[in-house]
Amino acid sequence: MVCPNGESGSGKTITPKSIMRLMYYENGRIAQGQILLQYIDLTVLSQQELSSLRGKKMAMVFQEPMSAFDLVMWS
């Protein structure tokens, strides 16, 4: 589990959204390096392959968790 923390505007939201490719960025690219999840390099996966990992191997709880959870599901 990774839990980014920091001041407002420090990139806590944009970093995991970028890693999970949940953001549209027209001119963005991965210049170098790797992002590993259980020995899988996320930087080389297709959008379809990455999509198959979302919700199963990786997920994101947004900054307002009470608006993201349906408490009825957990009771």
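Just above, that's the structure.
Residues numbered from 1 in each chain as written. Predicted model: local features only at pLDDT ≥ 70, side-chain atom pairs only at ≥ 80, totals over all residues. Heavy atoms only, no water.

S.K.: Can you tell me about the side chain of Arg21, naming the residues and giving the values?
M.R.: Assignment of secondary structure puts Arg21 in the loop between helix H1 (14–19) and strand E1 (36–37). Buried Arg21, no salt bridge; nearest opposite-charge side chain is Glu49, N-O distance 7.3 Å. If we ignore the near neighbours within four places in the chain, the residues touching Arg21 are Leu42, Thr43, Leu45, Ser46, Gln47, Leu50 and Arg54. (Helix = DSSP H or I, 4+ residues; strand = E, 2+ residues; numbered from the N terminus. Buried < 20%, exposed > 50% of the residue type's maximum accessible area, 1.4 Å probe, protein only. Lys, Arg positive; Asp, Glu negative; His and termini not counted. Salt bridge = Lys/Arg side-chain N within 4 Å of Asp/Glu carboxyl O. Contact = heavy atoms within 4.5 Å.)

S.K.: Can you lay out unusual backbone geometry for me, pointing to particular residues and giving the numbers?
M.R.: With phi around 55°, Arg21 is a residue other than glycine that occupies positive phi space. Look at Gln38: it is not a glycine, yet its phi comes out positive at around 50°. Among the secondary structure elements, Gln38 is positioned in the loop between E1 and strand E2 (40–41).

S.K.: Residue-level account of the environment of Ile35, with values.
M.R.: Among the secondary structure elements, Ile35 is positioned in the loop between H1 and E1. Look at Ile35 and you get partly exposed, because its relative accessible area is 30%. C-alpha separation for the pair Ile35 and Ile19, spaced 16 residues apart in sequence, amounts to 7.8 Å. In this structure, Ile35 is in contact with Ile19, Ile40, Asp41, Leu42 and Thr43, ignoring residues within four places of it in sequence.

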